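Listed here are the chains, written in short residue letters.
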Amino acid sequence: MQNYSTTSFTRGGTKTKTFEGLQCSPSLIGGLQSASVFFAAVNIFLAITAFLGNSLILVALHKESSLHPPSKLLYRCLATTDLLVGLVAQPLRVTYWMSVVHEHWSLCHYAGKAAFITGVVLCGVSLLTMAVISVDRLLALMLGLKYKEIVTLKRIYIIIASFWVLCLVASLCIIFDKRITLLSIMISIPLSLLISLASYTKIFRTLRHHQAQVQQQPSQPNALNMARYRKAVHSALWVQSVLVICYTPYLIALFVITSSTTYLSNSVVAWEMAGVLVYFNSTLNPFLYCWKISEVRRAMKQTIRQALCCPWS
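Cut-offs and rules
- Residues numbered from 1 in each chain as written.
- Predicted model: local features only at pLDDT ≥ 70, side-chain atom pairs only at ≥ 80, totals over all residues.
- Heavy atoms only, no water.
- Helix = DSSP H or I, 4+ residues; strand = E, 2+ residues; numbered from the N terminus.
- Polar contact = N/O pair within 3.5 Å; in protein donor to acceptor, adjacent residues only side chain to side chain.
- Contact = heavy atoms within 4.5 Å.
- Patch = residues over 30% accessible without salt bridge, like charges linked within 9 Å, V, L, I, M, F, W, Y side chains within 5 Å.
- Areas by Shrake-Rupley, 256 points an atom, 1.4 Å probe, with all protein chains shown as cover.
- Salt bridge = Lys/Arg side-chain N within 4 Å of Asp/Glu carboxyl O.
- 1 Å grid on protein atoms, 1.4 Å probe; cavity = no way out; pocket = protein on both sides within 12 Å on 5 of 7 lines; lining within 4 Å.
- Points joined across faces, edges and corners; volume = space filled by probe spheres on them.
- Nonpolar A, V, L, I, M, F, W, Y, C, P; charged D, E, K, R; others polar.
- UniProt positions renumbered as here; feature names shortened; annotations may be inferred.

### With respect to the side chain of Arg 137
- Turning to its location among the elements, Arg 137 is positioned in helix α4 (residues 105–143).
- A distance of 3.1 Å separates the side chain of Arg 137 from the side chain of Ser 71, its partner in a polar contact.
- In terms of polar contacts, Arg 137 uses its side chain to reach the side chain of Asp 136, at 2.9 Å.
- Apart from residues no more than four positions distant in its own chain, Arg 137 is found in contact with Ser 71, Tyr 147, Ile 203, Tyr 229, Ala 232 and Val 233.

### Focus on a nonpolar patch on the surface
- A cluster of nonpolar residues, Ile 44, Ile 48, Phe 51, Leu 52, Leu 87 and Val 88, forms a patch on the protein surface that exposes about 500 Å² of accessible area.
- Those elements giving two or more residues to the nonpolar patch turn out to be α2 (29–63) and α3 (69–101).
- For the nonpolar patch, the element with the most residues is α2, which contributes 4 residues.
- As for its placement among the helices and strands, Ile 48 is situated in helix α2.

### What to know about the layout of surface pockets
- Each pocket or cavity is described by its volume, and for the second largest pocket that value is around 980 Å³.
- Around the second largest pocket, the lining is made up of 29 residues, and of these Arg 137, Ala 140, Asn 225, Arg 228 and Tyr 229 lie nearest the centre.
- By residue number, the principal contributor to the lining of the second largest pocket is helix α8 (residues 223–259), which donates 7 residues.
- Grouping the constituent residues of the lining of the second largest pocket by class yields 12 nonpolar, 9 polar and 8 charged.

### Some remarks on the UniProt feature "transmembrane region" (unreviewed entry) in the protein chain
- Taking the UniProt record as the reference, the feature "transmembrane region" (unreviewed entry) is found at residues 37–61, 73–94, 114–135, 156–176, 182–200, 236–257 and 269–291.
- Taken end to end, residues 37–61 is 100% helix and 0% strand, and its two terminal C-alpha atoms sit 36 Å from one another.
- Across residues 269–291 one finds 100% helix and 0% strand; the C-alpha atoms that close the span lie 33 Å apart.

### Quick notes on the side chain of Ser 126
- Mapped onto the elements of the fold, Ser 126 is located in helix α4.
- Discounting residues that sit within four places of it in the chain, Ser 126 has contacts with Leu 78, Thr 81, Asp 82 and Tyr 247.

Structure (structure tokens):
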């Protein structure tokens, strides 16, 4: 059962000693009735857009054959996690907020915990996959012809499967000791971003060195391939940058909440706003894929055209 801690009332709202107790307690009803309905509506809208957008992306990636299979698998993994955010995680958030509105505290407790566990798994896999994409782009640059021998489809499948297992175990630890889950989150987010930063820094330093060589020898035979590689790197970097923007407020909010000893009811609003921004990333990604990856854009247009004009084919 939910642990309802002793609360006190201040000018800034209701204060409690545990954040879990505040998330599902009658003290939320006072000033957050309209906010609860608003957050439920926002999550419903983003759930629909994330599900539809990423469903189209998965169909487009299935049809696209020019992308390197391991790289395509990584983007398919990202699209799958984003689709599941809209299909599972956000409906659970809607259930949580509607249970607050109707004061169903038992349902609130279970829906909130299920939403948190699901969010940790899906967002964790997304973060780790983005880090692998940055390393994949670096290896493509550094290994040259050996890249396709080393970065194989089987190895990427194993890496992705291990990510799902690790994130699932880390999220389920909240049932026994929430500190393990919180520690995992606070380590994995900065570590993933650090790996991506180091990879892209190395990539752009190498590209700058290569550009200097091209200026000295303009007739190099791999100039066209390098131009295509730059385009792929910039596409991945755009997706990575938007992810950083969407996840940073959540990391800050998590740090503040874990380091605090008492909480105001407004803390739940700040936490949810940071969480909505994380989920919003799942809606943005399909637009980024279509905007920055020409192969996906062509396949997406073809998919939409077939769905609208010839749904029976």
